Amino acid sequence: NAGVTQTPKFRILKIGQSMTLQCTQDMNHNYMYWYRQDPGMGLKLIYYSVGAGITDKGEVPNGYNVSRSTTEDFPLRLELAAPSQTSVYFCASSREYNEQFFGPGTRLTVL
Amino acid sequence: GEDVEQSLFLSVREGDSSVINCTYTDSSSTYLYWYKQEPGAGLQLLTYIFSNMDMKQDQRLTVLLNKKDKHLSLRIADTQTGDSAIYFCAESKGSARQLTFGSGTQLTVLP
């Protein structure tokens, strides 16, 4: 199993551009999550999903959108990139009531 | 204030024990976790404790939970240079077991 994979690893965006961060898991987990980690800080939850077709907001959802059309994929969309969205983004997945497995992260810089 | 708080830095000598502390505020949290993050990498689950337990031991790791004071600690016995990393405590709550992270403790192991 590859576990949780994320693409791209790095990306530089200009203010106002848009992009999609990809996340895929091959563990047949129902639950998936997106977190962001700002320098020197812990992770903050952006969005989560408890199954295909079901998504919900986390602590810091503004400026982001998600969709969950399949069990495996949980893409995160930035529509109008802002410098405040410069961060490292982590995707995670879990079975219900079990530990979360994290991907390696996407480092995003908005200039 | 933050839901989960940790001290930012800890330095120890190789072979000594390390104790990383964490306080949390939500008494309804069901699980409390310790994650390890090495430079440029994602988060790796080290251990966890269920909220009705006081202590859990797993090889070199000992977790202590004081529910009255909402205090969690991670003790690493015989600390090695490979233990140098950032350690995050996290509490789990909500319908999807969303995680709330502390800011992380940077552990430096000196030879």
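Above this note sits the structure.
This structure is a prediction, so every number in the text was calculated from the model and none was measured. (Residues numbered from 1 in each chain as written. Chains lettered and ligands numbered in written order. Predicted model: local features only at pLDDT ≥ 70, side-chain atom pairs only at ≥ 80, totals over all residues. Heavy atoms only, no water.)

1. Some words on the sheet that holds strand 3 (residues 18–24) of chain B
Residues and elements named next belong to chain B. Read across the open sheet, the five strands follow the order 1-3-8-7-6; overall the sheet is antiparallel. Because the sheet does not close on itself, it has two edges, and the strands there are strand 1 (4–6) and strand 6 (55–58). Each neighbouring strand pair of the sheet contributes to a mean axis angle of 15°, computed without reference to strand direction. Alignment of strand 6 against strand 7 (residues 61–66), held across four bridges, turns out to be antiparallel. Residue pairing in the sheet places Asp58 in a bridge with Leu61 of strand 7. (Pairing = 2+ DSSP bridges. Helix = DSSP H or I, 4+ residues; strand = E, 2+ residues; numbered from the N terminus. Axes fitted to C-alpha atoms, helices over the stretch in contact; angles between N-to-C directions.)

2. Some words on the packing of aromatic side chains
With the rule as written, the count across this model stands at 13 aromatic pairs over all chains. Taking 5.6 Å as the distance between ring centres and 90° as the angle between the ring planes, the aromatic pair formed by Tyr35 of chain A and Phe101 of chain B counts as edge-to-face. Of the two residues, Tyr35 of chain A is situated in strand 4 (residues 31–37) and Phe101 of chain B in strand 10 (residues 98–101); the pairing between them involves two chains. Residue Phe101 of chain B is classed as buried on the basis of its relative accessible area of 5%. Note on Phe102 of chain A and Tyr35 of chain B: the rings are 5.4 Å apart at their centroids and 80° apart in plane angle, and the pair reads as edge-to-face. With Phe102 of chain A in strand 10 (residues 101–102) and Tyr35 of chain B in strand 4 (residues 31–37), this pair bridges two chains. You can call Phe102 of chain A buried: its relative accessible area is 12%. Exposure remark for Tyr35 of chain B: the relative accessible area of 0% places this residue in the buried category. Sitting over the ring of Phe74 of chain A, Arg68 of chain A keeps its end group 5.9 Å from the ring centre. (Phe/Tyr/Trp six-rings, centres within 6.5 Å; stacked < 30°, edge-to-face > 60°. Buried < 20%, exposed > 50% of the residue type's maximum accessible area, 1.4 Å probe, protein only. Lys NZ or Arg CZ within 6 Å of the ring centre and 35° of its normal.)

3. Side note on the side chain of Ser73 of chain B
Inspection of the secondary structure assignment puts Ser73 of chain B in strand 8 (residues 71–76). Apart from the residues lying within four places of it in its own chain, the contact partners of Ser73 of chain B are Val19, Ile20, Asn21, Trp34, Thr62, Val63 and Leu64 of chain B. (Contact = heavy atoms within 4.5 Å.)

4. Description of the state of the cysteines
Tallied over the entire structure, the rule returns two disulfides over all chains. Note that Cys23 of chain A is cross-linked by a disulfide to Cys91 of chain A, the S-S spacing being 1.8 Å. On the sign convention where negative is left-handed, the bridge of Cys23 of chain A and Cys91 of chain A, at about -70° about the S-S bond, is left-handed. With Cys23 of chain A in strand 3 (residues 19–25) and Cys91 of chain A in strand 9 (residues 87–94), this pair connects stretches of sequence that are 68 residues apart. Neither Cys23 of chain A nor Cys91 of chain A differs from the other in exposure class; each is buried. The residue that forms a disulfide with Cys22 of chain B is Cys89 of chain B, at a sulfur-sulfur distance of 1.8 Å. Measuring the twist about the S-S bond at about 60°, one finds the Cys22 of chain B-Cys89 of chain B disulfide to be right-handed. (Disulfide = S-S within 2.5 Å.)

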